[in-house]
Amino acid sequence: MALLQISEPGQSTAPHEHRLAVGIDLGTTNSLVATVRSGVADTLPDEAGRHLLPSVVQYRRDGVALVGDAALHAAADDPLNTIASVKRLMGRGVEDVKRLGNLLPYEFSAGASAMPRIKTAAGERSPVEVSAEILKTLKRRAEATLAGPLSGAVITVPAYFDDAQRQATKDAARLAGLD
């Protein structure tokens, strides 16, 4: 199914003025970015040809955040600073996280708001900030592949996400520079 853009005569954009937009699946385990080219959905690979990006972020002492495969490989050696499955924490309060019990190996603190903050070697990070690192990586991939800046993105969320979880996802997108 193709989408049509209908405009008043003389008001349509010139072909060279088309804006770039993508769809992002911000997953619990893996994430990916896609666009539509000539009416066909196309996932965008990284420079190594991988389409899936592991939804894992490692924070190092020097402040550098590794995202994806590099972070996944570091998880066994540095589990407290390597955040995986952060989507489970999006829009949750400190009390919600405490109910998860020993399922997560991270150390948490309560921030100024009710949002939990994860203690890492690079300082405390919120789930929104961790998700933003994943989204930044996908944004860079899309802009490199499409050879231009993105004008917008659609990010999927599960149907069971409540308003707080949806808002946290929007906040992560804004932090990553996505509209």
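See the structure shown above.
Residues numbered from 1 in each chain as written. Predicted model: local features only at pLDDT ≥ 70, side-chain atom pairs only at ≥ 80, totals over all residues. Heavy atoms only, no water.

**Topic: helix 3 (residues 127–146)**
- Taking 1.5 Å as the rise per residue, helix 3 with 20 residues should run 28 Å; its terminal C-alpha atoms sit 28 Å apart, in good agreement.
- The buried count for helix 3 comes to 14 of 20 residues, which makes it a mostly enclosed element.
- Two residues or fewer past helix 3, A147 is found with a positive phi of approximately 60°. (Helix = DSSP H or I, 4+ residues; strand = E, 2+ residues; numbered from the N terminus. Expected span 1.5 Å × (residues − 1). Buried < 20%, exposed > 50% of the residue type's maximum accessible area, 1.4 Å probe, protein only.)

**Thoughts on the pattern of salt bridges**
- A full pass over the atoms with the stated rule returns 9 salt bridges.
- Close ionic contact of R117 with E124 constitutes a salt bridge, the shortest N to O distance being 3.7 Å.
- Judged by relative accessible area, which is 22%, R117 ranks as partly exposed.
- With a relative accessible area of 33%, E124 lands in the partly exposed category.
- When the shortest N-O distance is used, the salt bridge between E133 and K136 registers 3.8 Å. In this pair, E133 and K136 are both assigned in helix 3, 3 residues apart and thus about one turn of the helix distant. (Salt bridge = Lys/Arg side-chain N within 4 Å of Asp/Glu carboxyl O.)

**Comments concerning helix 4 (residues 163–175)**
- When the terminal C-alpha atoms of helix 4 are compared, their 18 Å separation across 13 residues agrees well with the 18 Å that a helix rising 1.5 Å per residue should span.
- Considered for burial, the residues of helix 4 that qualify are Q165, A168, T169, A172 and A173. All buried residues of helix 4 fall inside an arc of 140° around its axis, so they share one side. Exposed residues on helix 4 whose side chains face more than 90 degrees from its buried face are D163 and R174.
- Those residues of helix 4 that are buried lie in contact with helix 3 and strand 11 (150–156).
- Capping of helix 4 at its N-terminal end is provided by D162; its side-chain oxygen lies 3.1 Å from the backbone amide nitrogen of A164. (Arc of directions from axis to C-beta. Contact = heavy atoms within 4.5 Å. Polar contact = N/O pair within 3.5 Å; in protein donor to acceptor, adjacent residues only side chain to side chain.)

**Here we look at the packing of helix 3 against helix 4**
- The contact between helix 3 and helix 4 brings their axes to 8 Å, and the two run at 55°. As the angle between them shows, helix 3 and helix 4 are arranged oblique. Helix 4 is crossed by helix 3, and the crossing has right-handed handedness. Within the contact between the two elements, helix 3 uses V128, E129, S131, A132, L135 and K136 and helix 4 uses A168, D171, A172, A173 and L175. (Axes fitted to C-alpha atoms, helices over the stretch in contact; angles between N-to-C directions. Parallel < 35°, antiparallel > 145°, perpendicular 65-115°, else oblique. Left-handed = near helix turned anticlockwise from the far one by under 90°.)

**Side note on the sheet that holds strand 5 (residues 56–59)**
- Taken in spatial order, the 3 strands of this open sheet run 6-5-7, and their pairing is antiparallel. Two strands lie at the open edges of the sheet, namely strand 6 (65–67) and strand 7 (82–84), each paired on one side alone. Across the sheet, the mean angle from the axis of one strand to that of its neighbour is 20°, orientation sign disregarded.
- As judged from the 3 bridges shared by strand 5 and strand 7, these two strands associate in the antiparallel manner. If you follow V57 over to strand 7, its bridge partner there is I83.
- Against the sheet, helix 3 engages strand 5, strand 6 and strand 7, with an angle of about 110° to strand 5. (Pairing = 2+ DSSP bridges.)

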